[in-house]
Amino acid sequence: RLYPAHLLVQPRDHGILIIGWAGAVQPGPAAGGAAFARDLQQAAWSMRAMLAPLAGGDPPAIPASVPAALARLLRRTSEECAWCEATGARRLDELLVAAAGAAFGAPRFIDFQPVPRA
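Quick summary incoming for the structure in this document.

Cut-offs used in this document
- Residues numbered from 1 in each chain as written.
- Predicted model: local features only at pLDDT ≥ 70, side-chain atom pairs only at ≥ 80, totals over all residues.
- Heavy atoms only, no water.
- Helix = DSSP H or I, 4+ residues; strand = E, 2+ residues; numbered from the N terminus.
- Contact = heavy atoms within 4.5 Å.
- Phe/Tyr/Trp six-rings, centres within 6.5 Å; stacked < 30°, edge-to-face > 60°.
- Lys NZ or Arg CZ within 6 Å of the ring centre and 35° of its normal.
- Expected span 1.5 Å × (residues − 1).
- Buried < 20%, exposed > 50% of the residue type's maximum accessible area, 1.4 Å probe, protein only.
- Axes fitted to C-alpha atoms, helices over the stretch in contact; angles between N-to-C directions.
- Parallel < 35°, antiparallel > 145°, perpendicular 65-115°, else oblique.
- Left-handed = near helix turned anticlockwise from the far one by under 90°.
- Core = buried A, V, L, I, M, F, W, Y, C linked by side-chain atoms within 4.5 Å.
- Salt bridge = Lys/Arg side-chain N within 4 Å of Asp/Glu carboxyl O.
- Patch = residues over 30% accessible without salt bridge, like charges linked within 9 Å, V, L, I, M, F, W, Y side chains within 5 Å.
- Areas by Shrake-Rupley, 256 points an atom, 1.4 Å probe, with all protein chains shown as cover.

Concerning the environment of Ala71
Okay, step 1: As for its placement among the helices and strands, Ala71 is situated in helix H2 (residues 68-79).
Okay, step 2: Ignoring sequence-local partners within four residues, the contact set of Ala71 consists of Ile62 and Val66.

A few points about the packing of aromatic side chains
Okay, step 1: On inspection of all chains with the given rule, the structure shows zero aromatic pairs.
Okay, step 2: For the cation-ring pair, Arg48 lies above Trp45, with the distance from its terminal atom to the ring centre recorded as 4.7 Å.

As for helix H3 (residues 81-104)
Okay, step 1: Across its 24 residues, H3 extends only 27 Å between first and last C-alpha, which sits more than 12% below the 34 Å expected from 1.5 Å per residue.
Okay, step 2: The set of residues buried in H3 consists of Trp83, Cys84, Thr87, Leu92 and Ala99.

Brief notes about the packing of H2 against H3
Okay, step 1: Put simply, H2 and H3 touch, their axes get as near as 9 Å, and they point 165° apart. When the interaxial angle is binned, H2 and H3 end up roughly antiparallel. Remark: the crossing between H2 and H3 carries left-handed chirality. Taken together, the residues of H3 that come into contact with H2 (itself represented by Ala69, Leu70, Leu73, Arg76, Thr77 and Glu79) are Cys81, Trp83, Cys84, Leu92, Leu95, Leu96, Ala99, Ala100, Ala103 and Phe104.

As for the nonpolar core
Okay, step 1: Of all hydrophobic cores here, the largest spans seven residues; its members are Ala44, Ile62, Val66, Leu70, Ala71, Leu74 and Ala99.
Okay, step 2: Ignoring anything within four residues of it in the chain, the contact list for Leu74 reads Ala44, Met47, Arg48, Leu51 and Ile62.
Okay, step 3: In terms of nonpolar packing, the next biggest core, distinct from the first, is built from five residues, Ala37, Trp83, Cys84 and Leu92 among them.

Considering the environment of Glu79
Okay, step 1: By the element assignment, Glu79 lies in helix H2.
Okay, step 2: Judged by its relative accessible area of 43%, Glu79 is partly exposed.
Okay, step 3: Put simply, Glu79 and Gln42 are 37 residues apart on the chain and 9.4 Å apart in space, counted from C-alpha to C-alpha.
Okay, step 4: With residues near it in sequence (within four places) discarded, Glu79 still touches Gln41, Trp45 and Arg48.

A word on the pattern of salt bridges
Where side chains of opposite charge bring their charged atoms close, a pairing between them can arise.
Okay, step 1: The final tally for this structure, using the stated rule, is three salt bridges.
Okay, step 2: Note that Arg48 and Glu79 form a salt bridge whose closest N and O atoms lie 2.9 Å from each other. Of the two residues, Arg48 is situated in helix H1 (residues 32-55) and Glu79 in helix H2; the sequence distance between them amounts to 31 residues.
Okay, step 3: Among the ionic pairs, Arg76 bridges to Glu80, the shortest N-O distance being 3.1 Å.
Okay, step 4: Taking relative accessible area as the criterion, Glu80 reaches 34% and is therefore assigned partly exposed.

A short note on a nonpolar patch on the surface
Okay, step 1: A contiguous nonpolar surface patch, about 330 Å² in accessible area, is contributed by Val9, Ile16, Met47 and Met50.
Okay, step 2: Checked against the element boundaries, Met47 lands in helix H1.

Below, the structure written as structure tokens:
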């Protein structure tokens, strides 16, 4: 399973590194798509948890500042395992790219250099 503690935010690279997976194993054929759908769902819950300090709540609330299309996708992915299984990772990525494009426009590099707090 993927939890917020497995995510290391890398602002310089505009990404997230998944850590702490030394003992991870690929599920056998008996697990089917449900195991992979659960990974997708856990990833979405982890994203919600990273956003939660902005909005709080249990389950983690999605802040109103998140564009509507992205919030709907995040909510559905984190709450509907059967939908994740039916959709699959590739289609979910396509939906994410489309929602982000609608919300923010074409992808572009934005230099981000956070200043450490004293």
